[in-house]
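Close look at the chain arrangement
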Amino acid sequence: MIKIVTIIGARPQIIKAAALSRAIKNKFKDKITEIIVHTGQHYDSNMSQVFFDELNIPQPDYNLNVGSGTHGKQTATMISGIEEILLKEKPNAIILYGDTNSTLAGGVAASKIHVPVIHIEAGLRSFSKAMPEEVNRIMCDHVSTLLFSPTKTGYNNLIREGFNPDAKMPYNADNPKIYHCGDVMYDNSLHFSEVAGSKTDIIQKLQLKKNKFILATIHRNNNTDEPDRLNALFKSLNDISLKQDLDVVLPLHPRTSKLLETNLTSENLAAVKNNHGFKILGPVSFLEMIALEKNCKLVMTDSGGVQKEAFYFEKPCIILRPETEWVELVECGAAIVTDANEDKIKAAFDKLFTDDHLQFPKLYGDGRAAEFICEELIRHL
Ligand code: UD1
Ligand code: UDP
């Protein structure tokens, strides 16, 4: 029996972790024991608890309750809490997801006391170190022993950074193993897609019509914190909604909600409030999000996860960032990167809205990435 400590903290990590916990419960419970540590980076019920309830994730064994704070303070508090747990639990490995401060903290805490680091979602790069996430993911990758990349691009990025694709066992932080293994988020989307329609009534509640609304999310720090960018995004969304007679559904991250009144111009705020088709909500549950993704006409987002989910459900996507780590979405024409630029957003919308020949090839595995990862953990730990 191997023992792993899984670190989660931010919304997308809780969702990603569901795939591995499910695989362990269904196929590997005699071989893997999982201890779940919630750092408390996200703590509102609709940013955390809702996912445990809805996705059947075991309740965390530990919660560090770090809450919000500056990068340094938040990460430092997590490092100290995670270290204490690792020393007590003595696991065979730590499992880290993605690129948040919780990921970085887990990587630092574990590598310093020689607990092998397993990084799920390794190798993704935006090539912009201005993004806190880029720093987190690079640092985590470079202390990892097993690196699971969801895409070929991510796998190739690792090779470019010096990882050896032909490394031989036994693996350790100085002789790591890299994999291209598909995406645990795709596992989840496939698994929960069937029930999303019957277990939620968000489409009816909001009186939405299929293919008659845009689903949008905005939470990236540069978009929320820079008023010019936030205004450009809201103005573009509102103009498109009015011109095309489409509703806009915008489940807002608390970071964004808190900055609307301060960072939007009064003119923009009023315009949005006067548009009855512009529906600003709080964060929705995962099943509600899937229902929205499946029924919308098009997605506009600066989220990493939502870009891919749009693709899984064969919806075009406008990426409201200067770049994306998920370059294959753009390469196959299903997504366009526009940054927070009004002209580019409107041009991208016109192109994607009328294109009936978009391609959505299977780029993210076969829905069994988590099972593959479990098998490799058993083989190598
Ligand atoms: C974090 C991740 C980001 C990820 C996002 C997913 C880092 C550096 N960033 O960004 O990569 O895309 O999570 O959602 O780790 N807040 C609440 N309630 C909560 C959580 C946050 O009100 O439950 C508010 C607080 O004002 C907080 C702000 O949101 O200061 C930002 O939260 P934080 O966890 O620091 O970063 P995110 O923007 O959520
Ligand atoms: N999500 C959700 N409710 C919301 C917004 C997003 O359940 O109101 C889900 C979404 O379906 C995806 C994940 O959260 O699975 C993406 O997380 P987020 O956008 O917060 O972070 P990112 O992926 O950019 O790191």
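Let us look at the structure shown here. (Residues numbered from 1 in each chain as written. Chains lettered and ligands numbered in written order. Predicted model: local features only at pLDDT ≥ 70, side-chain atom pairs only at ≥ 80, totals over all residues. Heavy atoms only, no water.)

Right, let's talk about the sheet that holds strand E8 (residues 213-217) for a bit. Within a beta sheet, neighbouring strands are joined by backbone hydrogen bonds and run either parallel or antiparallel to one another. Ordered by their spatial adjacency, 6 strands build an open sheet running E10-E9-E8-E11-E12-E13, and the pairing between neighbours is parallel. Single-partner strands in this sheet number two, and they are strand E10 (278-281) and strand E13 (335-337). Here the strands of the sheet are splayed against their neighbours by 15 degrees on average, with no regard to which way each runs. Where strand E11 (residues 298-301) lies against strand E12 (residues 317-319), 3 bridges are found, and the strand directions are parallel. From the neighbouring strand, Met300 faces E12, where its bridge partner is Ile318. (Pairing = 2+ DSSP bridges. Helix = DSSP H or I, 4+ residues; strand = E, 2+ residues; numbered from the N terminus. Axes fitted to C-alpha atoms, helices over the stretch in contact; angles between N-to-C directions.)

What follows covers the packing of aromatic side chains. What the rule picks out here adds up to 11 aromatic pairs. Summarising the aromatic geometry, the rings of Phe148 and Tyr179 are spaced 4.4 Å apart at their centres and angled 10 degrees between planes, so their arrangement reads as stacked. Taken together, the positions of Phe148 in strand E6 (residues 146-149) and Tyr179 in strand E7 (residues 177-180) put the pair 31 residues apart, joining distant regions of the chain. Judged by its relative accessible area of 1%, Phe148 falls in the buried class. By relative accessible area, which is 6% here, Tyr179 ends up buried. Pairing Tyr312 with Tyr364 gives two aromatic rings, centres 5.7 Å apart and planes at 75 degrees, and the pair type is edge-to-face. With a gap of 52 residues between them, Tyr312 in helix H14 (residues 304-312) and Tyr364 in the loop between helix H16 (342-354) and helix H17 (369-380) connect regions that are remote in the sequence. Both residues of the pair, Tyr312 and Tyr364, count as buried. Ring-pair connections join several aromatic residues into one group, and the members of that group are Tyr186, Phe311, Tyr312, Trp326, Phe360 and Tyr364. We note Lys308 situated over the ring of Trp326; from NZ or CZ to the ring centre the distance is 3.9 Å. (Phe/Tyr/Trp six-rings, centres within 6.5 Å; stacked < 30°, edge-to-face > 60°. Buried < 20%, exposed > 50% of the residue type's maximum accessible area, 1.4 Å probe, protein only. Lys NZ or Arg CZ within 6 Å of the ring centre and 35° of its normal.)

Moving on, we get to the pattern of salt bridges. In the structure shown here, the tally under the stated rule is 22 salt bridges. A salt bridge links Glu121 to Lys16; the nearest nitrogen and oxygen atoms lie 3.1 Å apart. Of this pair, Glu121 sits in the loop between strand E5 (117-120) and helix H5 (132-141) while Lys16 sits in helix H1 (residues 11-28), and the two are 105 residues apart along the sequence. An identical accessibility class is assigned to Glu121 and Lys16; each is buried. Several salt bridges converge on common partners, so that one network encompasses Asp99, Glu134, Arg137, Arg321, Glu323 and Glu325. (Salt bridge = Lys/Arg side-chain N within 4 Å of Asp/Glu carboxyl O.)

Close to ligand 2 lie 19 residues; Arg220, Val284, Ser303, Gly305 and Glu309 are nearest. In the model, an oxygen atom of ligand 2 is placed 2.9 Å from a nitrogen or oxygen of the Arg11 side chain. Contacts to ligand 2 include Glu309, whose side-chain N or O atom sits 2.6 Å from an oxygen atom. In the complex, the protein chains occlude 95% of the 530 Å² of accessible area that ligand 2 would expose alone. Elements with a minimum of two residues in the shell around ligand 2: H1, helix H13 (286-295) and H14. Here the shell around ligand 2 gets 4 residues from one element, more than from any other, and that element is H14. In terms of residue class, the shell around ligand 2 is made up of 10 nonpolar, 5 polar and 4 charged. (Near = heavy atom within 4 Å. Polar contact = N/O pair within 3.5 Å; in protein donor to acceptor, adjacent residues only side chain to side chain. Areas by Shrake-Rupley, 256 points an atom, 1.4 Å probe, with all protein chains shown as cover. Nonpolar A, V, L, I, M, F, W, Y, C, P; charged D, E, K, R; others polar.)

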